[in-house]
Amino acid sequence: IRLVGRGWEIHPGLRDIHLSLIYVSDLAEGVTAALKPRREGFRLYYLADGRHYRSGELLALARELIGRRTLRIRFPLGLAAGAAGLAARLRPNAGCAFYLDKLKEMRHNYWLCDIAKARRELDFRPRFDLRRGMTAAIEWYRREGWLK
């Protein structure tokens, strides 16, 4: 969000990544529901908003909601990994938007989950889709002075 606010739309990798996403308040509600005691014992649930997104959609929506034109840059993951490694060595305490472990995850194009079991067993009903969640996040970024 901050990069888009500065006019940069960076796509590491040459293909979109397909993702399931969840807004933090929906996640908290789902985790709270899953923590309630059940006779079945240990259960595993996937929590998300129930939709699948492409990484390009995230950036396009951020650009739209922030109202900023961006310079779009797409580059191979190997180049991104090299740049992230170099940045980490040159400025080890600066933090990096693309950590090496995240770049390794980006090699996989599909990070999707099915929330049917959480809907059925926990009555999980997410209230935030991508647009609503990103709008709330951008408003928070602005209030905190992280985005102009």
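See the structure above.
Residues numbered from 1 in each chain as written. Predicted model: local features only at pLDDT ≥ 70, side-chain atom pairs only at ≥ 80, totals over all residues. Heavy atoms only, no water.

Draft legend 1. Expanded view of the pattern of salt bridges. Enumeration according to the criterion identifies 9 salt bridges in this entry. With its nearest N and O atoms 3.5 Å apart, the salt bridge here joins Glu 9 to Arg 72. Note that Glu 9 is positioned in strand β1 (residues 8-12) and Arg 72 in strand β4 (residues 71-75), a separation of 63 residues in sequence. A single network of salt bridges, built from pairs that share partners, joins Asp 16, Arg 54, Glu 57 and Arg 74. (Salt bridge = Lys/Arg side-chain N within 4 Å of Asp/Glu carboxyl O. Helix = DSSP H or I, 4+ residues; strand = E, 2+ residues; numbered from the N terminus.)

Draft legend 2. Representation of the packing of helix α3 (residues 55-66) against helix α7 (residues 130-143) within the structure. Running from N to C, α3 and α7 point in directions that differ by 55°, and their axes come no closer than 10 Å. By the angle class used here, α3 and α7 are oblique. With respect to the hand of their crossing, α3 and α7 are arranged in right-handed fashion. Of the residues in α7, those touching α3 at Leu 58, Leu 61, Ala 62, Glu 64, Leu 65 and Ile 66 are Leu 130, Arg 131, Met 134, Thr 135, Ile 138 and Arg 142. (Axes fitted to C-alpha atoms, helices over the stretch in contact; angles between N-to-C directions. Parallel < 35°, antiparallel > 145°, perpendicular 65-115°, else oblique. Left-handed = near helix turned anticlockwise from the far one by under 90°. Contact = heavy atoms within 4.5 Å.)

Draft legend 3. Structural detail: the side chain of Glu 9. Taking the relative accessible area as the measure of exposure, Glu 9 reaches 2% and is therefore buried. For Glu 9, the side chain forms a polar contact with the side chain of Thr 70, separated by 2.8 Å. Not counting chain neighbours up to four residues away, the residues in contact with Glu 9 comprise Leu 59, Ala 60, Arg 63, Thr 70, Leu 71, Arg 72 and Ile 73. (Buried < 20%, exposed > 50% of the residue type's maximum accessible area, 1.4 Å probe, protein only. Polar contact = N/O pair within 3.5 Å; in protein donor to acceptor, adjacent residues only side chain to side chain.)

Draft legend 4. Summary view of α3. With 12 residues, α3 extends 17 Å from end C-alpha to end C-alpha; this agrees with the ideal 16 Å at 1.5 Å per step. All of the buried residues in α3 are Ser 55, Gly 56, Leu 58, Leu 59, Leu 61, Ala 62, Arg 63 and Ile 66. Along its buried surface, α3 packs onto α1 (2-5), β1, β2 (18-20), β3 (52-54), β4 and α7. (Expected span 1.5 Å × (residues − 1).)

Draft legend 5. Inspection of the packing of aromatic side chains at higher detail. For the coordinates displayed, the defined rule picks out 4 aromatic pairs. Consider the rings of Trp 140 and Tyr 141, whose centres lie 5.6 Å apart with planes at 75°: the pair is edge-to-face. By relative accessible area, Trp 140 is classed as partly exposed at 34%. Through pairs of rings, three or more aromatic residues link up here, namely Trp 140, Tyr 141 and Trp 146. Above the face of the Trp 146 ring, Arg 2 is positioned so that its terminal group lies 5.1 Å from the ring centre. (Phe/Tyr/Trp six-rings, centres within 6.5 Å; stacked < 30°, edge-to-face > 60°. Lys NZ or Arg CZ within 6 Å of the ring centre and 35° of its normal.)

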